[in-house]
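Read off the chains here:
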Amino acid sequence: MKLIIHRGTHEIGGTCVEIAAEHTRIIIDLGMPLSDPRDKSKKLKDFSLRGKTVPELIGDGILPKVSGLYWGVGKEKPVDAVLLSHPHQDHYGLFKYVLKDIRIFLGEDTDKMLQAAEIFQGDRIGEHDDKVLLKDREPVTIGDIKITPFLVDHSAYGAMAFLAEAEGKKIFYSGDFRGHGRKKALFEKLIEKPVPGIDVLLMEGTMMGRQQEDTWTEDELEREISNEARVHEGMKLFICSGQNVDRLVTFYRAAKRSGPVFVLDLYAANVLHELGRKSLPVPTNGFKDVKVLFTHHFMKRLSIYNMKHWYERWRTYEISPAALQRAGKKAFVMFRDSSAHEFEKTGIPKGSMLFYSMWSQYALEPSFEKTRAFLDRHSIEFKEMHTSGHAVLDDLKRFADAMKPETIVPIHTEYPNEYRQHFGNKVRCLHDGEALAV
Ligand SMILES: [Zn+2]
């Protein structure tokens, strides 16, 4: 087999991996890089790519140079499949450039998340005629490569690692994972019963170089949030990704500990509902203490997409501005800057606070200024409450020890050169685009 990391050997984000056997080529992930490859100080956003052709994007270093993957480049023998490990932009953000008739493989939950991301955020993976939905540990065969997906614990629900087998060799791609989330049992399961005989382990290392950061488990985070909420008088607002299911559960449980009304926005409510797990805290699963906030921005998006039933189904559980005002200090409410003016109309009690539950760097970006101004106007206290979606070094070590690969290849890390000191001589650092014969 042949392995090429087209992007991701020394950066977080923009991941793209190719695995090839004699008759088959597959691509795993095709993410948006976090920054412009030509100017690392510039954040890369979807809109900045609009109007550019595929050759231009390849020339700019934004699309990795992979033959047979994109439309708009003339006749090339197409790759046999594209796999997606999980629904994070830095793994799927460039899928819209993939040839329409290439078969796409992704987890069932990932597919649902992507639908919601398109409707509520405008993140599109484009039209793909041929989609295959993967199930945990159910192998699929693509030409002469056998792929087995493994559900992993990550901040994206339904995230998967992939085992690729061909020509008597095994490559295991960890994808993004951690061992301290609400699905840590998945991590422990992989460690207890590791895949035997792995030749190459492609292992993410987001947390390498960030080890000084506090890493709470989701349970610890829940406790911290609820402790903090108890000593504050006013309304508790929170910001987290509508797709971070673990975190939504954490906030719900923290809210329950301090007793108030828990309010989701339409995005989060629909994500939790669509996943179809009865344990997730939405009113349609019997959680009568959860309410749904109807905001203009999301209602408009649902109308545009002809998805009005995605707000109509919450009518019985809608919290009106008046009810929110009455709940006031007792309410624990999901917040987005697109609805700041609606909160202002409702009125914000004195002594309110905002729990910020995303990577701290995002709060330093210009896109956060609107929220910052809103917080200042109402003297709302800003409190960061977050934990990483990625494995800490100890868990990376446990994982590598259990999997016992012949070779470890760093990916999704800014510090590939630190791997050797932690994982020994079996580490092999690659360059983007370099082929490794397995
Ligand atoms: Zn991720």
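Since we're looking at a predicted model, the values are computed, not measured.

Definitions and cut-offs
- Residues numbered from 1 in each chain as written.
- Predicted model: local features only at pLDDT ≥ 70, side-chain atom pairs only at ≥ 80, totals over all residues.
- Heavy atoms only, no water.
- Phe/Tyr/Trp six-rings, centres within 6.5 Å; stacked < 30°, edge-to-face > 60°.
- Helix = DSSP H or I, 4+ residues; strand = E, 2+ residues; numbered from the N terminus.
- Buried < 20%, exposed > 50% of the residue type's maximum accessible area, 1.4 Å probe, protein only.
- Lys NZ or Arg CZ within 6 Å of the ring centre and 35° of its normal.
- Axes fitted to C-alpha atoms, helices over the stretch in contact; angles between N-to-C directions.
- Parallel < 35°, antiparallel > 145°, perpendicular 65-115°, else oblique.
- Left-handed = near helix turned anticlockwise from the far one by under 90°.
- Contact = heavy atoms within 4.5 Å.
- Nonpolar A, V, L, I, M, F, W, Y, C, P; charged D, E, K, R; others polar.
- Donors = N, O, S within 2.8 Å, 3.2 Å for Na, K, Ca; no water.
- Domains from an automatic or database assignment.
- Buried area = accessible area lost by both parts, 1.4 Å probe.
- Salt bridge = Lys/Arg side-chain N within 4 Å of Asp/Glu carboxyl O.
- Polar contact = N/O pair within 3.5 Å; in protein donor to acceptor, adjacent residues only side chain to side chain.
- Expected span 1.5 Å × (residues − 1).
- Arc of directions from axis to C-beta.

**Some remarks on the packing of aromatic side chains**
Turning to step 1, where the next piece is worked out: One pass over the structure, following the stated rule, counts 27 aromatic pairs.
Turning to step 2, where the next piece is worked out: Where Phe-251 meets Phe-332, the ring centres are 6.3 Å apart and the plane angle is 55 degrees; that geometry is what we call tilted. Of this pair, Phe-251 sits in helix H6 (residues 245–258) while Phe-332 sits in strand E17 (residues 331–334), placing them 81 residues apart in sequence.
Turning to step 3, where the next piece is worked out: Under the relative-accessibility criterion, Phe-251 is labelled buried at 0%.
Turning to step 4, where the next piece is worked out: The class for Phe-332 is buried, based on a relative accessible area of 0%.
Turning to step 5, where the next piece is worked out: Ring centres of Phe-335 and Phe-343 lie 5.2 Å apart, and the angle between their planes is 55 degrees; this geometry places the pair in the tilted category.
Turning to step 6, where the next piece is worked out: Residue classification places Phe-335 among the buried residues on the basis of a relative accessible area of 2%.
Turning to step 7, where the next piece is worked out: One aromatic cluster in this structure is built from Phe-238, Phe-251, Tyr-252, Phe-262, Phe-287, Phe-332 and Phe-355.
Turning to step 8, where the next piece is worked out: Lying across the ring of Phe-382, Arg-372 places its NZ or CZ 4.8 Å from the centre.

**Some thoughts on the packing of helix H3 (residues 108–121) against helix H7 (residues 266–274)**
Turning to step 1, where the next piece is worked out: The N-to-C vectors of H3 and H7 enclose an angle of 160 degrees; their axes lie 10 Å apart at closest approach. It follows that H3 is roughly antiparallel to H7 by the angle criterion. Crossing of H3 over H7 shows right-handed handedness. From H3, Lys-112, Met-113, Ala-116, Ala-117, Phe-120 and Gln-121 reach across to H7, where they touch Leu-266, Tyr-267, Asn-270, Val-271 and Glu-274.
Turning to step 2, where the next piece is worked out: Split into classes, the residues belonging to the contact of H3 with H7 amount to seven nonpolar, two polar and two charged.

**What about the coordination of the zinc ion?**
Turning to step 1, where the next piece is worked out: Around the zinc ion, the protein contributes the donor atoms His-86 (NE2), His-88 (ND1), His-154 (NE2) and Asp-176 (OD), which lie 2.2 to 2.4 Å from the metal centre.
Turning to step 2, where the next piece is worked out: Counting gaps between the donor residues of the zinc ion yields the pattern H-x1-H-x65-H-x21-D.
Turning to step 3, where the next piece is worked out: Taking the relative accessible area as the measure of exposure, His-86 reaches 0% and is therefore buried.
Turning to step 4, where the next piece is worked out: For His-88, a relative accessible area of 23% translates into the label partly exposed.

**A few points about the domain arrangement of the protein**
The parts lose accessible area when they come together, and the size of an interface is often stated as this lost area.
Turning to step 1, where the next piece is worked out: For the protein, the assigned domains are domain 1 (2–211 + 389–437) and domain 2 (218–384).
Turning to step 2, where the next piece is worked out: If you look at the interface, domain 1 gives 25 residues, while domain 2 gives 27 residues.
Turning to step 3, where the next piece is worked out: Summing the contributions of domain 1 and of domain 2, the shared interface buries around 2,300 Å²; its carbon and sulfur component is 53%.
Turning to step 4, where the next piece is worked out: Among the residues of domain 1 in contact with domain 2, Ile-119, Phe-120 and Arg-182 are the three that bury the most area, contributing 37% of the side total.
Turning to step 5, where the next piece is worked out: Seen at the junction of domain 1 and domain 2, the total is six salt bridges.
Turning to step 6, where the next piece is worked out: Its salt-bridge partner being Arg-277, residue Asp-109 comes within 2.7 Å of it at the nearest N-O pair.
Turning to step 7, where the next piece is worked out: Across the domain 1-domain 2 interface, the total number found is 12 residue pairs in polar contact (both at pLDDT 80 or more).
Turning to step 8, where the next piece is worked out: Broken down by element, the side of domain 1 that touches domain 2 gets its largest block of residues, 10 residues, from H3.
Turning to step 9, where the next piece is worked out: A class-by-class count of the residues in the side of domain 1 that touches domain 2 yields seven nonpolar, seven polar and 11 charged.

**Thoughts on helix H5 (residues 218–230)**
Turning to step 1, where the next piece is worked out: The end-to-end C-alpha distance of H5 is 18 Å, a good match for the 18 Å that 13 residues give at a rise of 1.5 Å each.
Turning to step 2, where the next piece is worked out: For H5, the full list of buried residues reads Glu-218, Leu-221, Glu-222, Ile-225, Ser-226, Glu-228 and Ala-229. Along the axis of H5, the buried residues cluster in a sector spanning 160 degrees; they form a single face.
Turning to step 3, where the next piece is worked out: Considering only its buried residues, H5 is in contact with strand E14 (236–239), H6, E17, strand E18 (353–356) and strand E19 (381–384).

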